[in-house]
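# Structure assessment
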Amino acid sequence: MRIQPHHHDGEGTSASLHTFMTSLGHDAPQPVATYPRPASLDIASTVQRMRARGIKPPVDRGLIRGMMIGTPLSIALYVGIGMLAAHAAGRF
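Everything numeric in this text was worked out from a predicted model, so none of it was measured. In this convention, every chain numbers its residues from 1, walking through the sequence in written order. Restriction of local features to residues with pLDDT of at least 70 applies here, the model being predicted, together with a cutoff of 80 or more for giving and counting side-chain atom pairs; totals for whole chains, interfaces and linings are based on all residues. Calculation of side-chain values draws on the structure's entire complement of heavy atoms; hydrogens and water are dropped beforehand.

### Concerning the overall build of the protein
Numbering of helices and strands runs from the N terminus, with a helix taken as a DSSP run of H or I at least four residues long and a strand as a DSSP run of E at least two residues long. Secondary structure summary: the protein contains 3 helices and 0 strands in total. Traced from its N-terminal end to its C-terminal end, the protein shows the element sequence α-α-α. Think of it in three bands: with a 1.4 Å probe and only protein chains considered, a residue is buried below 20% of the maximum accessible area for its type, exposed above 50%, and partly exposed in between. Looking at the protein as a whole, 1% of its 92 residues are labelled buried. Of the accessible surface of the protein, which amounts to about 9,100 Å², a share of 65% is contributed by carbon and sulfur atoms. The Shrake-Rupley method, run with a 1.4 Å probe, gives the accessible areas here. Residue values count only the displayed protein chains as cover.

This is how it looks when you write it as structure tokens:
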């Protein structure tokens, strides 16, 4: 049994999408609007203005230090509790 190929408009695969879209009476698709400047340049100019005014970002050293100590400690506790549970279950 042989299945005949089916094409959307009988032209085969050589018809372009743009021709297909505009042949139905629709307008041609509009290009996507481009922004005049990328967001990274806006962020960079904002940072330069803040530095020129002497504004520094808020840094909480206690929070950062706590996270640096708390994260490895919590991972170690997680692994340790898993090892104890495996030992209690007879798998370790």
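### Focus: a nonpolar patch on the surface
A contiguous nonpolar surface patch, about 400 Å² in accessible area, is contributed by Val59, Ile64, Met68 and Ile69. Topologically, Met68 is positioned in helix H3 (residues 61-88). In this analysis, a patch consists of residues with relative accessible area above 30% that form no salt bridge, clustered at 9 Å for like charges and at 5 Å for the nonpolar side chains Val, Leu, Ile, Met, Phe, Trp and Tyr. Any carboxyl oxygen of Asp or Glu within 4 Å of a side-chain nitrogen of Lys or Arg constitutes a salt bridge here.

### With respect to H3
Each residue after the first adds 1.5 Å to the expected span of a helix. An ideal rise of 1.5 Å per residue puts 40 Å on 28 residues; H3 measures up with 40 Å between its terminal C-alpha atoms. Little of H3 is tucked away: 0 of the 28 residues are buried. Immediately beyond the C-terminal end of H3, within one or two residues, lies Gly90, with a positive phi of roughly 80 degrees.

### A short note on the confidence of the model for the protein
Considering every residue of the protein, the mean pLDDT works out to 78; 65% of them sit at 70 or more. Put simply, helix H1 (residues 17-23) is where the protein has its lowest mean pLDDT, 69, and H3 is where it has its highest, 94. The predictor's confidence in any single residue is recorded as pLDDT, a number from 0 to 100.

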